[in-house]
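Report on the structure
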Amino acid sequence: MQENNRKFDKNGRTDAPREDVIYGRNPVSEAIRSGRAIDSVLVARGAKTGAIVGILAKAKERNLRIKEVDPKKLDYMCAGGHHQGIAVLCAVCEYKELEDIFALAEERGEAPFVIVLDELEDPHNLGAIIRTAECAGAHGVIIPNRRSAGLSFTVGKSSAGAVEYVPVVRVPNIPSVLDTLKERGLWVYGADMDGEDYRKCDMGGAIALVIGNEGKGIGRLVREKCDVIVSLPMKGKINSLNASVAAGILMYRAADCR
């Protein structure tokens with residue numbers, strides 16, 4: 001990982017690269033080859049030539065997420081370092097498999113309790129939800145490959161270490177994984193507007209709780225896969241809660257019903 005002496009300007013900004021960034025063709029290639037936990041591969045727009053093509057091929061073999069970004073963004077993330085058009089964001093820990101969630105539930109002798117996040121983008125929200133999931137007794141968190149925050153260092157810090165105890169699974173398609181969960185006996189609850197009052201729902205047994213995007217909520221296809229839509233009553237002038245706050249309330253409702 002590239003490291004520099006960290007310097008700050010008068011506004012508190014640093015010119016050093018982020019601690020979770022590895023950049024440059026050789027360092028990136030070695031990070032991928034070594035099997036290191038990687039959240040995503042970042043390639044500068046227009047840089048998919050030469051050695052980078054081979055690096056991306058290796059990334060695809062590992063099913064890593066590849067994101068094309070503006071070269072200026074890559075310059076910023078690498079603090080002006082010589083990134084050669086490519087960098088990786090390291091994951092704070094390894095992603096798990098769906099079976100790891102079921103294995104944890106079986107180990108505890110409990111009905112599976114799974115949190116599914118549909119394109120949640122804010123890493124602080126993801127970290128907070130993982131933290132609450134651990135405290136509420138959930139057996140795992142599922143996120144999509146695309147358009148979602150991943151296991152960055154920001155998420156790890158926001159989770160207060162809970163990422164070490166809660167399996168986080170990344171899947172290609174949320175509607176498909178909901179079908180899989182339902183086939184395995186889970187009842188799917190989606191958090192959205194115009195649903196049943198969560199206080200009137202028995203959320204006991206094997207369940208999956210779906211939390212949507214901070215702005216759009218859960219997608220149409222995901223909503224159609226839910227068995228029940230639950231809502232939180234709004235008594236003020238604002239008609240929605242922060243995603244991690246709403247998730248926390250619903251997780252503890254489920255915990256109370258178990």
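Residues numbered from 1 in each chain as written. Predicted model: local features only at pLDDT ≥ 70, side-chain atom pairs only at ≥ 80, totals over all residues. Heavy atoms only, no water.

Thoughts on the confidence of the model for the protein chain
What counts, and what does not: For every residue, the pLDDT score states the predictor's confidence, bounded by 0 at the bottom and 100 at the top. Should any heavy atoms of two residues lie within 4.5 Å, those residues are considered in contact.
Residues with a pLDDT of 70 or more make up 93% of the protein chain, whose mean pLDDT is 88. This model gives residues 1-14 a pLDDT under 50, and the stretch forms 23 contacts once residues within four places in sequence are excluded.

Re a nonpolar patch on the surface
Quick reminder of the rule: Like charges are joined within 9 Å and nonpolar side chains (Val, Leu, Ile, Met, Phe, Trp, Tyr) within 5 Å, but only among residues with over 30% relative accessible area and no salt bridge; these make up the patches. Under the convention used here, a 1.4 Å probe and the Shrake-Rupley method define accessible areas, while residue burial counts only the protein chains that appear. By definition, a salt bridge exists where a carboxyl oxygen of Asp or Glu is found within 4 Å of a side-chain nitrogen of Lys or Arg. A run of H or I in DSSP becomes a helix once it reaches four residues, and a run of E becomes a strand once it reaches two; helices and strands are each numbered from the N terminus.
Together, Met-234, Leu-241, Val-245 and Ile-249 make up an exposed nonpolar region whose accessible area comes to about 290 Å². Here Ile-249 lies in helix 9 (residues 243-257).

A look at the packing of aromatic side chains
Going by this rule: Ring pairs shown here join Phe, Tyr and Trp side chains whose ring centres sit within 6.5 Å, with only the six-membered ring taken for Trp; geometry is labelled stacked below 30 degrees between planes, edge-to-face above 60, and tilted in between. Only when the NZ atom of a Lys or the CZ atom of an Arg is both within 6 Å of the ring centre and within 35 degrees of the ring normal do we say a charge sits over the ring.
Inspection of every chain in the model, using the stated rule, returns zero aromatic pairs. Here the guanidinium or amino end of Arg-170 rests over the ring plane of Tyr-95, the centre of that ring lying 4.2 Å away. If you follow Arg-184 out to its NZ or CZ, it ends over the ring of Phe-102, 3.8 Å from the centre.

Some thoughts on the sheet that holds strand 9 (residues 207-211)
What counts, and what does not: Paired strands, as defined in this entry, are two strands with at least two bridges between them according to DSSP. For helices, the axis comes from a line fit to the C-alpha atoms of the stretch in contact; other axes are also lines fit to C-alpha atoms, and the angle between any two N-to-C directions lies between 0 and 180 degrees.
Here we have six strands laid out as an open sheet, ordered 7-6-5-9-8-10, and parallel in their pairing. The open sheet terminates on both sides in strands that have one partner only, identified here as strand 7 (168-171) and strand 10 (228-231). Averaged over all pairs of adjacent strands, the angle between their axes in this sheet comes to 30°, without regard to strand direction. The strands that helix 4 (residues 98-108) touches are strand 5 (113-117), strand 6 (140-144) and strand 7; relative to strand 6, the one it contacts most, it runs at about 165°. Sheet contacts for helix 7 (residues 174-183): strand 5, strand 6, strand 7, strand 8 (187-197) and strand 9; angle to strand 6, the most-contacted strand, approximately 145°.

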